[in-house]
Amino acid sequence: MAGHTWRTAVSRVVGAVKPPQPRTFIRGMQTVTLIPGDGIGPEISTAVMKIFEAAKAPIQWEERNVTAIQGPGGKWMIPPDCKESMDRNKIGLKGPLKTPIAAGHPSMNLLLRKTFDLYANVRPCVSIEGYKTPYTDVNLVTIRENTEGEYSGIEHVIVDGVVQSIKLITEEASQRIAEYAFEYARNNQRASVTAVHKANIMRMSDGLFLRKCREAAEKYKDVKFTEMYLDTVCLNMVQDPTQFDVLVMPNLYGDILSDLCAGLIGGLGVTPSGNIGTNGVAIFESVHGTAPDIAGKDMANPTALLLSAVMMLRHMGLHGHAKNIEAACFDTIRDKKVLTKDLGGNSKCSEFTASICQRVQDMD
């Protein structure tokens, strides 16, 4: 039952997205910008491409590398060829990116979000059949405001030994993410939306976010609305995650809580993610790290990036290919014969990939 529930949740994850802008077509193929990333990124990206080829998915990949460069005036930006590719194709798939630990160097993920105004991070967390965890009935979705909050990047030194970091909350961004969450819940037959906040402490910033959630709730009377403090959500989540459905929250809370929820179903290695932006732009990604310790050793698990790519296919309207690839992935995990080490097996990334490819081909 859990596998069916997972399939349903993933298939609906971007259901509330507005109709995308026209995309690039070449002989029936749709072009997607591929950002392999760092560490294990190229390996898992190659795995996804092989599985897509086996499934005969009509996707043409336009590969681009992303490293921050400084433009005029010292402003950080992504390489122009990557921006041009995303502006043209609208859809991207991204592996993990490292951020150099150096003064003034921006987070690469943050830079991408700001460049393309990827305002909503949508992450389904649903128990996977055959992959045992302490929780067996998880079925929830976290929706995170992706552009501001504590991650606005506004920091400065007041005096020596005292640093101030600004938490920026705006009415526009709060209203946009709140309405997206309710629209998502309605379009995907979800029963409730929970606003996660700390307005009891941060009365002005979180207070504004909560007010916009309440206003959005008034427009969606068919969706139950609750509001809950962040710490209370964390407590209740580990006690009984089945009480939650769709959760919407500011940036930092979403970063923490979405990872906590991923832990309930087995970790970031099996959790897909989609970032929805304005003007029809969307980037789907694996949210785990670059794992430099196993990079190049054929040990990486491509499941998170593959399931994110399945989300991407559904977003593009390629539901048949998405269904086949997803089923092949879940059947391989449930069979337990060919699994990477983090999934409880001893197989290589290439062997896990080959097993999924064979299952996809057998569906023809």
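Read on for a plain summary of the structure. (Residues numbered from 1 in each chain as written. Predicted model: local features only at pLDDT ≥ 70, side-chain atom pairs only at ≥ 80, totals over all residues. Heavy atoms only, no water.)

**Here we look at helix 5 (residues 171-187)**
Along an α-helix, residues three or four apart share an orientation, since each turn contains 3.6 residues. Helix length check: helix 5, at 17 residues, gives a terminal C-alpha distance of 24 Å against a target of 24 Å (1.5 Å per residue), a fit within 8%. By the burial criterion, the buried members of helix 5 are Ala173, Ser174, Ile177, Ala178, Tyr180, Ala181, Phe182, Tyr184 and Ala185. One or two steps after helix 5, the chain reaches Gln189, where phi turns positive at roughly 55°. (Helix = DSSP H or I, 4+ residues; strand = E, 2+ residues; numbered from the N terminus. Expected span 1.5 Å × (residues − 1). Buried < 20%, exposed > 50% of the residue type's maximum accessible area, 1.4 Å probe, protein only.)

**Examining empty space enclosed by the protein**
Enumeration according to the criterion identifies 2 cavities of 30 Å³ or more in this entry. Within this model, the largest cavity holds a volume of roughly 50 Å³. Around the largest cavity sit Lys94, Asn109, Leu112, Arg113, Leu118, Asn275, Ile283 and Glu285, which together line it. Residue assignment for the lining of the largest cavity shows that the elements contributing at least two residues are helix 4 (108-116) and strand 15 (282-286). Per element, the largest residue contribution to the lining of the largest cavity is 3 residues, and it comes from helix 4. Its residues placed into classes, the lining of the largest cavity shows 3 nonpolar, 2 polar and 3 charged. One number sums up the size of the second largest cavity: a volume of about 30 Å³. Lining the second largest cavity we find Glu145, Glu148, Gly149, Ile169, Ser174, Phe209, Pro250 and Asn251. Here the residues of the lining of the second largest cavity are counted per class, giving 3 nonpolar, 3 polar and 2 charged. (1 Å grid on protein atoms, 1.4 Å probe; cavity = no way out; pocket = protein on both sides within 12 Å on 5 of 7 lines; lining within 4 Å. Points joined across faces, edges and corners; volume = space filled by probe spheres on them. Nonpolar A, V, L, I, M, F, W, Y, C, P; charged D, E, K, R; others polar.)

**A few points about the pattern of salt bridges**
Under the definition given, this model contains 22 salt bridges. Notably, a salt bridge pairs Lys167 with Glu150, separated by 3.4 Å at the nearest N-O pair. In this pair, Lys167 sits in the loop between strand 10 (162-165) and helix 5 while Glu150 sits in the loop between strand 8 (139-145) and strand 9 (155-159), placing the two residues 17 residues apart along the sequence. Between Asp222 and Arg186 there is a salt bridge; the shortest N-O distance is 2.8 Å. Of this pair, Asp222 sits in the loop between helix 6 (205-219) and strand 12 (224-229) while Arg186 sits in helix 5; the two residues are 36 residues apart in sequence, bridging distant segments of the chain. Look at Arg186 and you get partly exposed, because its relative accessible area is 35%. (Salt bridge = Lys/Arg side-chain N within 4 Å of Asp/Glu carboxyl O.)

**Some remarks on unusual backbone geometry**
Unlike most non-glycine residues, Lys90 shows phi in positive territory, near 75°. Tracing the chain through its elements places Lys90 in the loop between helix 3 (80-89) and strand 6 (91-94). What makes Lys90 buried here is its relative accessible area of 16%. Positive phi, normally seen in glycine, also occurs at Asn279, with a value near 60°. Following the sequence through the fold, Asn279 ends up in the loop between strand 14 (272-276) and strand 15. Taking relative accessible area as the criterion, Asn279 reaches 57% and is therefore assigned exposed.

**Considerations on the environment of Ala55**
Here Ala55 is to be found in the loop between helix 2 (41-54) and strand 3 (59-63). Between the C-alpha atom of Ala55 and that of Ala322, which follows or precedes it by 267 residues, the distance is 9.1 Å. Apart from the residues lying within four places of it in its own chain, the contact partners of Ala55 are His321, Ile325 and Val360. (Contact = heavy atoms within 4.5 Å.)

**Digging into the environment of Asp335**
When you line up the elements, Asp335 lands in helix 10 (residues 319-335). For the pair Asp335 and Tyr131, spaced 204 residues apart in sequence, the C-alpha separation works out to 9.9 Å.

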